[in-house]
Structures are given as structure tokens and as C-alpha cells.
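Each chain is listed here by its residues.
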Amino acid sequence: MRSSMYNLIRKGSASRSSFLFRSYSSGTVPERKVAVLGAAGGIGQPLALLMKLNPLVSKLALYDIAGTPGVAADVSHINTRSEVAGYMGEEQLGQALEGSDVVIIPAGVPRKPGMTRDDLFNINAGIVKSLCTAIAKYCPNALVNMISNPVNSTVPIAAEVFKKAGTYDEKKLFGVTTLDVVRAKTFYAGKAKVPVGEVNVPVVGGHAGITILPLFSQATPKANLPDEDIKALTKRTQDGGTEVVEAKAGKGSATLSMAYAGALFADACLKGLNGVPDVVECSFVQSSITELPFFASKVKLGKNGVEEVLGLGPLSDIEKEGLEHLIPELKSSIEKGIKFANQS
Ligand SMILES: NC(=O)C1=CN([C@@H]2O[C@H](COP(=O)(O)OP(=O)(O)OC[C@H]3O[C@@H](n4cnc5c(N)ncnc54)[C@H](O)[C@@H]3O)[C@@H](O)[C@H]2O)C=CC1
Ligand SMILES: O=C([O-])CC(=O)C(=O)O
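Quick caveat: nothing in here was measured; it's all calculated off a predicted structure.

A few words on the overall build of the chain. When helices and strands are counted, the chain shows eleven helices and eleven strands. Its C-alpha atoms give the chain a radius of gyration of 19 Å, near enough to 20 Å, the size a compact globule of 344 residues would have. Judged by the C-alpha coordinates and their principal axes, the chain covers about 50 × 50 × 40 Å. Within the chain, buried positions represent 50% of all 344 residues. Put simply, 70% of the contacts in the chain that link residues at least 6 apart link residues at least 24 apart.

Structural data, given as C-alpha cells:
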């Protein structure tokens, strides 16, 4: 039975996005409950759709402060494995969370043109704190996938909330930086003229401006691009969120590409929980690979969440410089989150 599950999942993971088309036979795949908090939002709705299409999910809980009955009714008609339930308002949050294996958090306000992600701190920090307080109470063993910005601060806030509640497990808390990887792959493939489906690019650091550090020197397939192209690709990856915010002209930030990225990362978490070997994704996690307590890098996912935080690998001179520059900014965003969680 085990090997049939691995074969099934491996077959399905031949292409990174193929969970959409992966077939399954119930009884061979473990039961897994996924909760999406902020499920009626710009990211939440397409993410709910993509998680409904994922055959590794058996229960899908859609929570928001408003609008979830409609989203849940709509998504629930899709003829895939998971049972869908909508939960609305704080009094239903506990029910939404109970029994969850993975909790994905895209709750909170998005940027408008001219704002930085840090400008979202005042509103989103409080939202994340109250949601994580509930997670500590109702599903302390769940893997938490934090999407809400500023990720560089919201992940440390979550860690502090869990520490206070006595439930913190550093292996189970993830800042979702997959969209940076998705962008780096797309932009690199375009410049290097290689098939995008074959591209791999690690992205390390954090998830805001210069703290996003794509390691194009480790990109595959190799293309030997000149430094000026690498610098332009790095800048475009760092400014990818702003590119979308400006194009949406006041109507929010990336939602569709983020839902895709969030669904990929949650799928990787579920595969890890199910014992699929060698699942590796970049994520912003508790880390000792730099002097900072949290850092995004390649992470091996396993049955308990993080199995191993992988090192940075060899860096080019451009990347070494980028790393040096990002440390102070990332440090101050992490400290801001920790301070907020312990003050309020
Ligand atoms: N990590 C990443 O790469 C990315 C992160 N984001 C971030 O994701 C967040 C959400 O973005 P969008 O979906 O575009 O915003 P949105 O405004 O469309 O949706 C947010 C949803 O959160 C809900 N919400 C607010 N307070 C809540 C609470 N206490 N409990 C549950 N739900 C609550 C709202 O009702 C709304 O439905 C933003 O902070 C944005 O900056 C966006 C793109 C990429
Ligand atoms: O830029 C934003 O505000 C949303 C985000 O994090 C991204 O698209 O990477």
C-alpha cells in the first residue's frame, strides 16, 4: 500500500504543477485536512480552488470574516476528493482549524501603489497574531504556511505567539516565498531561452525588496548569462510584487500567481507529511545558516515539517554582496515582529 502511494505521488510530481492532473484512488492516500484563513480574498478564492483540485486533501476548511459560505458552496461542487466546509466569523474559527494538518494564511490587507510591504504591518500584524493564537489552541501540530505580508515580520510574530502558548515547533512554521521562486524561474527562462518547466532557481533571504536574493549562479539549466543580465533578472525578481501592484493600479497585489505558488508549497508540505522522499522547496523558516534567526533557503520537507534546512551553496560575488546588503534590513523586520508580539 505504501509503495503504491509513493508511486502514485511520484508519478504525479513528474512536473511541478501536475497535482492538478494527478489521479488517485481513495484508500491509498492518507486523510489530510487543510484550512485556508482569508479564503474569501483575492488569493484565498483561487487558492481554495487549487486546493480543491489537490487529491492529497481530504477535507478543505475555508475560513474568513465574511463571504466564505458562497466560496465554499461554489468550490464544493467540484467533483474531486475533498469535502469542503465554509466557516465565517471568529466564533467558527475553532471549528475551521480543528484537526488541520496544514493551515494556509493569506488573511490581511494587500499593498496599493506607493506602499512597501512593511506599510501593511500595522493591520496585518494584529490579524496574524489573533489567527496564530487560535492555531495554538485548536491545531497546535499543524504546519503553518504564512502568506500574509510582511512575511519577514509575520513569521517571527507567529513564532512568538506559539512560544507564549507553549506550542512552538520550529519545524512547522513556514513563510511562503514560493512566488519569488516562481518569478525567478519564469524570468530566467525568458532571458536564458531555456524551457521554463526545466528551470530551477533557489531564492534565499526574505520576502521584500532587496531581502529577496535569487541565486542565479545556481540556476539550472546553466546559461552563462553576463553579469548585467543577472543584475537585471535579480532586480526584476525583487520588484516582481511591485510590478503587479502597479499594474493593478490600486486593485491589490498578486493574487493568481500567489494562489498558484501557495498551492505548490502546500502540496510540497502534504507530500512531506505523507512520507514522500526528497521534497525540497525554498521557504522562510527558523534557521542557523546565517546570523539571523529566520532566513529563506532550500528546505527539505518531511513527516514532521522541516527535515533539514539546507545551506546556501557557493555564491557568486554579486550574490555575496546581495547577502551582505540584505542582512540589516531583514534583521530589523524580524526584530519588529518579535517586539510587536511581545508588547501587545
Ligand atoms: N507571501 C507572498 O508571496 C504574498 C503575500 N501576499 C499577501 O497576502 C495577503 C492577502 O492578499 P489578498 O488576498 O490579495 O488580499 P484581499 O484583501 O483580497 O484578501 C484578504 C482576505 O483576508 C480576510 N481577512 C481579514 N482579516 C481577517 C481575519 N482576521 N481572519 C480571516 N480573514 C481575514 C479579508 O476578509 C479578505 O477576504 C496580503 O497581506 C498580501 O500582501 C500577497 C501576494 C504574495
Ligand atoms: O508585492 C506584494 O505586496 C505582494 C507580494 O508579496 C508579492 O507579490 O510578492
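Next up on the list: the nonpolar core. When a protein is soluble and globular, its nonpolar side chains tend to lie buried together. By size, the foremost hydrophobic cluster in this structure holds 105 residues, and its most contacted members are Val36, Leu62, Val103 and Ala158. Residues in contact with alanine 158, not counting those within four places in the same chain, are Val128, Cys132, Val144, Met146 and Leu173.

Quick look at the site of ligand 2 now. With respect to spatial proximity, the complete set of residues near ligand 2 consists of Pro110, Arg111, Arg117, Asn149, Leu179, Gly240, Gly241, Thr242, Val244, Val245, Ser253 and Ala254. Here the shell around ligand 2 takes five residues from helix H9 (residues 240–248), the largest share from any one element. Partitioning the shell around ligand 2 into residue classes produces five nonpolar, five polar and two charged.

An α-helical turn contains 3.6 residues, so a residue and the one three or four places further along point in the same direction. For helix H2 (residues 44–52), the tally of buried residues reaches seven of nine residues, placing the bulk of the element in the interior. Three or more residues of H2 are buried, namely Gly44, Gln45, Leu47, Ala48, Leu50, Met51 and Lys52. Among the structural elements, strand S1 (33–37), strand S2 (59–64), helix H3 (68–76), strand S3 (83–88), strand S4 (102–105) and helix H10 (256–273) are those in contact with the buried residues of H2.

Taken from the UniProt record, the annotation "domain: Lactate/malate dehydrogenase C-terminal" (unreviewed entry) applies to residues 177–340. From the first C-alpha to the last, residues 177–340 spans 22 Å; its make-up is 48% helix and 17% strand.

Bringing the site of ligand 1 into the picture now. Among the 32 residues in the neighbourhood of ligand 1, the closest are listed as Gly38, Gly41, Gly42, Ala107 and Asn149. Per element, the largest residue contribution to the shell around ligand 1 is three residues, and it comes from helix H5 (residues 121–138). For the shell around ligand 1, a count of residues per class yields 18 nonpolar, twelve polar and two charged.

Okay, the packing of H2 against H10 next. Two numbers describe how H2 lies on H10: the axes approach to 8 Å, and their chain directions differ by 35°. In this structure, H2 crosses over H10, and the sense of that crossing is right-handed. Contacts between H2 and H10 involve Pro46, Leu47, Leu50 and Met51 from the first element and Leu256, Ala259, Tyr260, Gly262, Ala263 and Ala266 from the second.

The next point concerns unusual backbone geometry. The omega torsion of the bond from asparagine 149 to proline 150 falls at -5°, within 30 degrees of zero and hence cis. Topologically, proline 150 is positioned in the loop between strand S5 (143–146) and helix H6 (151–165). The phi dihedral of lysine 193 falls on the positive side, at around 55°, and the residue is not glycine. Position of lysine 193 among the secondary structure elements: in the loop between helix H7 (178–192) and strand S7 (203–205). By C-beta crowding, lysine 193 is classed as exposed, having 7 other C-beta atoms within 10 Å. The phi dihedral of aspartate 278 is positive, around 60°, even though this residue is not glycine. Overall, the presence of 11 C-beta atoms within 10 Å leaves aspartate 278 in the exposed class.

For H9, the complete set of buried residues consists of Gly240, Gly241, Val244 and Val245. Axial view of H9: buried residues confined to an arc of 140°, hence all on one face. Exposed residues on H9 whose side chains face more than 90 degrees from its buried face are Glu243 and Ala247. For H9, the elements touching its buried residues are H7 and helix H8 (227–238). Just past H9, the residue alanine 249 takes up positive phi, approximately 45°.

Here the focus is the confidence of the model for the chain. Residue-level pLDDT values for the chain average 94, and 92% of them are 70 or greater. Residue range residues 1–16 is modelled with pLDDT below 50. Its contacts to residues more than four positions away, or to other chains, number 17 contacts.

Time to look at the pairing of S5. Here S5 shows no split at all, with Leu143 and Asn145 on one side and Val144 and Met146 on the other all buried. Pairing of S4 with S5, which is carried by four bridges, proceeds in the parallel orientation. Across the sheet, the residue bridging to valine 103 is valine 144, located in S5. Between S4 and its parallel partner S5, the chain crosses via H5, and the hand of that crossover is right-handed. Pairing of S5 with strand S6 (residues 173–175), which is carried by three bridges, proceeds in the parallel orientation. Residue pairing in the sheet places methionine 146 in a bridge with glycine 175 of S6. For the crossover from S5 across H6 to S6, the handedness is right-handed.

What counts, and where the lines are drawn
Residues numbered from 1 in each chain as written. Chains lettered and ligands numbered in written order. Predicted model: local features only at pLDDT ≥ 70, side-chain atom pairs only at ≥ 80, totals over all residues. Helix = DSSP H or I, 4+ residues; strand = E, 2+ residues; numbered from the N terminus. Rg over C-alpha atoms; globule rule 2.2 N^0.38 Å. Buried ≥ 20, exposed ≤ 12 C-beta atoms within 10 Å, placed from the backbone. Contact = placed C-beta atoms within 7 Å. Core = buried A, V, L, I, M, F, W, Y, C linked by C-beta atoms within 7 Å. Near = placed C-beta within 6 Å. Nonpolar A, V, L, I, M, F, W, Y, C, P; charged D, E, K, R; others polar. UniProt positions renumbered as here; feature names shortened; annotations may be inferred. Axes fitted to C-alpha atoms, helices over the stretch in contact; angles between N-to-C directions. Left-handed = near helix turned anticlockwise from the far one by under 90°. Arc of directions from axis to C-beta. pLDDT = per-residue confidence, 0-100. Pairing = 2+ DSSP bridges. Right-handed = clockwise from strand over helix to strand, strands pointing away.

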